[in-house]
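# Observations on the model geometry
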Amino acid sequence: MEYDIIELGSRIRKQLPKKRFWHTVGVAYTASDMALIFGESGNRALIAGLLHDCAKYLSDQEILSECIRHDIPVSGVEKEQSFLLHAKLGAYYAEQEYGIKDEGILSAIRWHTTGRPEMTVLEQIVYLADYIEPLRTQPTEPPLDEIRRMCFTDLDRAVYLVADNTIRYLRSEGTRMDPMTERTYLYYKERIDARG
């Protein structure tokens, strides 16, 4: 199915705060570039990137309320840290409000925050693009520029590094972690370790 990317971008620009919109543009173009390297559709990656934060204009409480209203499952951790729910709600909005029917795009939006074991190439790309887009400046180990280069050469290793950095950050902040984040880390660590 063909989607009008210009129209999607225009609608997102009106919906999101300015800073969030520019982050979204960075994710969309980073994802599109990565897709071309890894044999995924650049257009699908661009759309998933444009819509990955389409629910982020709402407050955390509004996101939780919307998930409950639309019967989107909410875990205990998500109820405590409702900002995690923007990915699930974003996938719902992408389908219901933006007319996206491609399950691969919807899944990439749904998993862009926590990742998951056995991600598809598109899911990995959007998960990584969200972390490395050009406006991001967070401290990482190894340095962010090294992780950025890895994202264009080895998706599995890049997912492992991003999940590892995410877990270390959450622990340093004393923030309760979504179990899926740890499952993502363990799965990709095992894949990397198996390669030797």
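Preceding block: the structure.
Remember, it's a predicted structure, so these values are computed and weren't measured experimentally.

## Re helix H6 (residues 86-96)
Listing the buried residues of H6 in full gives His86, Ala87, Leu89, Gly90, Ala91, Tyr93 and Ala94. Turning to H6, the residues buried within the fold contact helix H3 (42-51), helix H4 (60-69) and helix H7 (103-110).

## Some remarks on the packing of aromatic side chains
One pass over the full model with this rule turns up 4 aromatic pairs. Judged by centre distance (5.2 Å) and plane angle (70°), the rings of Phe21 and Trp22 are edge-to-face. Since its relative accessible area comes to 8%, Phe21 is described here as buried. With centroids separated by 5.6 Å and ring planes inclined at 25°, the aromatic side chains of Tyr160 and Tyr185 adopt a geometry described as stacked. Taken together, the residues Tyr160 in helix H10 (residues 155-173) and Tyr185 in helix H11 (residues 179-195) connect sequence positions 25 residues apart. Tyr185 shares its class with Tyr160; the two are buried.

## Quick notes on the nonpolar core
Judged by nonpolar contacts, the single largest core of 62 residues is most densely connected at Leu8, Met34, Ile47, Leu51, Leu89, Ile100 and Leu128. The dominant element in this core, judged by the number of residues it contributes, is H10, at 9 residues. Apart from the residues within four sequence positions on either side, Leu8 is in contact with Tyr3, Ile47, Leu50, Leu51, Tyr98 and Ile100.

## Focus on the layout of surface pockets
Taken as a whole, the largest pocket holds about 1,100 Å³ of empty space. Every residue lining the largest pocket is counted, 34 residues in all, and those nearest its centre are Asp130, Tyr131, Arg136, Gln138 and Tyr169. Put simply, the parts of the chain that give the lining of the largest pocket at least two residues each are helix H2 (18-37), helix H8 (121-132) and H10. Partitioned by chemical class, the residues of the lining of the largest pocket number 10 nonpolar, 13 polar and 11 charged. Forming the boundary of the second largest pocket are 13 residues, of which Glu78, Lys88, Trp111, Thr114 and Asp178 lie nearest the centre. Those elements that provide at least two residues to the lining of the second largest pocket are H6 and H11. Ranked by residue count, the leading element in the lining of the second largest pocket is H11, at 3 residues. A class-by-class count of the residues in the lining of the second largest pocket yields 5 nonpolar, 3 polar and 5 charged.

Basis of the calculations
- Residues numbered from 1 in each chain as written.
- Predicted model: local features only at pLDDT ≥ 70, side-chain atom pairs only at ≥ 80, totals over all residues.
- Heavy atoms only, no water.
- Buried < 20%, exposed > 50% of the residue type's maximum accessible area, 1.4 Å probe, protein only.
- Helix = DSSP H or I, 4+ residues; strand = E, 2+ residues; numbered from the N terminus.
- Contact = heavy atoms within 4.5 Å.
- Phe/Tyr/Trp six-rings, centres within 6.5 Å; stacked < 30°, edge-to-face > 60°.
- Core = buried A, V, L, I, M, F, W, Y, C linked by side-chain atoms within 4.5 Å.
- 1 Å grid on protein atoms, 1.4 Å probe; cavity = no way out; pocket = protein on both sides within 12 Å on 5 of 7 lines; lining within 4 Å.
- Points joined across faces, edges and corners; volume = space filled by probe spheres on them.
- Nonpolar A, V, L, I, M, F, W, Y, C, P; charged D, E, K, R; others polar.

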